[in-house]
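Okay, here's what each chain looks like letter by letter:
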Amino acid sequence: MRRNRWMSVLASALLMIASGFAADLKDQMAYCSYVMEQAEAQRDLLRTPIAAAGMTQPETGLPLQLVGGASLGLSDLRKAGLTMDAARKNCELYKATTGAQQDIQYALASLEKEALRNRLVLIEQALTSLDALMEKTSKMVEAQNATRLMLFTLQTTKIKLDADRADTQLKIAALYTPPLSDKPLKDLVAEKQTGEANEQKALDKLSRQNNWDVALSVGVHQQVNPVAYGAQPYGAVSINYNLASRAINKHLDHAVDAYNEWKSVQEGDVVRNMEVLRQQLVESVSAQEAKLKSMQEESKQIERNLQLMGNPDTSAAFDFHNQLTAAQLLLQIETGDAGFRIDRVREYLAKNY
């Protein structure tokens, strides 16, 4: 029965992990699909020749002409490829950003969930020891070597442990933690920063293409009135160059550097949030260490009292021994919980920073 229950819990946990992972992939795929479709539309627009038709009168007194043809710029052809490259870089950046954001957002919840699961183990161990002590006390009550008040004291401790277990289980159930990456957080943030730099460089290259163009135009013209026989072909090559190209390129390079600097200090960006998370974890370790030190002193005092008592040989001594043991079990849960949290956070900091 217990095995079936644990198998059901494990299956539910695996289903939640798979669902969270699938949802994350769906989000990334949907965004990338949107970006790539937009880029492909722009690519097709840029690399397709522009058709033109109209009527013109070259000079006053000359007959009207019908003109039809097409033109294509080499700069537009170059932009078509750069547009697709920028879209791919944008997609990669989105994936890196959302991955890092998710790990930062749920880091504390994930650590808390681990600590709560460890606390459940500590509570179960304490309940096992308490049940053995209650069984021993119950036998003494039956033999009239102990009072029911002594047993009630232990039952009160058991009620506290049961309530603690239920509260811990509720806290675990209330915490949502999607599957997180196995990569260190510093690597995820570095990938995100690299993605930003690559995207900005791709956009920089795309913007530079506006500085020049070589356009080829071809077509035919036909005299309208009087009608001339035979259409006359024409062709033209035009070259455009922006005289401010050097200054423009310099500003574009500075813009890339300024963007990177802005992202490193922007509130809400993963770089800033990573540092905020580190400060929170360091402060939590400090608080847990102070708590652990205080409880360890109390545990030592209880242990000294138990050693001084030795084997209780009177009803009063046995009662006092039970009270000390019950208090010791409660303290073991708290010290074990604090110790686990300290070790786990230190391990997380060492891996991710």
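The rules behind the values
- Residues numbered from 1 in each chain as written.
- Predicted model: local features only at pLDDT ≥ 70, side-chain atom pairs only at ≥ 80, totals over all residues.
- Heavy atoms only, no water.
- Salt bridge = Lys/Arg side-chain N within 4 Å of Asp/Glu carboxyl O.
- Helix = DSSP H or I, 4+ residues; strand = E, 2+ residues; numbered from the N terminus.
- Disulfide = S-S within 2.5 Å.
- Buried < 20%, exposed > 50% of the residue type's maximum accessible area, 1.4 Å probe, protein only.
- Polar contact = N/O pair within 3.5 Å; in protein donor to acceptor, adjacent residues only side chain to side chain.
- Contact = heavy atoms within 4.5 Å.
- Core = buried A, V, L, I, M, F, W, Y, C linked by side-chain atoms within 4.5 Å.
- Axes fitted to C-alpha atoms, helices over the stretch in contact; angles between N-to-C directions.
- Parallel < 35°, antiparallel > 145°, perpendicular 65-115°, else oblique.
- Left-handed = near helix turned anticlockwise from the far one by under 90°.

Engineer: I'd like a description of the pattern of salt bridges, backed by residues and values.
Structural biologist: Per the stated rule, a full pass over the model turns up 22 salt bridges. A salt bridge links Asp-85 to Lys-89; its shortest N-O distance comes to 3.0 Å. With a gap of four residues between them, Asp-85 and Lys-89 both fall in helix α2 (residues 74–105), about one helical turn apart. A salt bridge links Arg-344 to Glu-114; the shortest N-O distance between them is 2.5 Å. Taken together, the residues Arg-344 in helix α8 (residues 315–352) and Glu-114 in helix α3 (residues 107–142) connect sequence positions 230 residues apart. In the salt-bridge network here, residues are joined through shared partners; they are Glu-112, Arg-119, Asp-164, Lys-291, Glu-334, Asp-337 and Arg-341.

Engineer: Help me get a handle on the state of the cysteines, residues and values and all.
Structural biologist: All told, the structure shown has one disulfide when counted by the stated rule. Across the disulfide from Cys-32 sits Cys-91; the S-S distance is 1.8 Å. On the sign convention where negative means left-handed, the S-S torsion of about 90° between Cys-32 and Cys-91 marks this disulfide as right-handed. Separated by 59 residues along the polypeptide, Cys-32 in helix α1 (residues 2–47) and Cys-91 in helix α2 bring together distant segments of the chain. For the pair shown, Cys-32 and Cys-91 are each scored as buried.

Engineer: How would you sum up the side chain of Asn-90? Please name residues and give values.
Structural biologist: Considering the arrangement of structural elements, one finds Asn-90 in helix α2. The buried category is assigned to Asn-90, whose relative accessible area is 19%. Looking at Asn-90, its side chain comes within polar contact range of the side chain of Glu-199, at 2.6 Å. Not counting residues up to four positions away in its chain, the partners in contact with Asn-90 are Tyr-31, Val-35 and Glu-199.

Engineer: How would you summarise the environment of Met-295 if you had to cite specific residues and measurements?
Structural biologist: Considering the arrangement of structural elements, one finds Met-295 in helix α7 (residues 270–309). For the pair Met-295 and Gln-332, spaced 37 residues apart in sequence, the C-alpha separation works out to 8.9 Å. The contact partners of Met-295, leaving out residues within four places of it in the chain, are Leu-331, Glu-334, Thr-335 and Ala-338.

Engineer: Pulling in residues and values, what's your account of the nonpolar core?
Structural biologist: If you look at the biggest cluster of nonpolar residues, it comprises 24 residues, and the most contacted ones within it are Ile-104, Leu-185, Leu-277, Leu-281, Val-345 and Tyr-348. Every element with two or more residues in this core is listed here: α2, α3, α5 (185–208), α7 and α8. Broken down by element, the residue count for this core peaks at 10 residues, all from α7. Excluding anything up to four places from it in sequence, Leu-281 contacts Leu-108, Leu-111, Val-345, Tyr-348 and Leu-349.

Engineer: Tell me about the packing of α3 against α8, and please be specific about residues and values.
Structural biologist: Contact geometry of α3 with α8 gives a least axis separation of 9 Å together with a crossing angle of 165°. Relative to α8, α3 is oriented roughly antiparallel. Relative to α8, the crossing made by α3 is right-handed.

Fair warning: the whole summary comes from geometry, so function is off the table for now.
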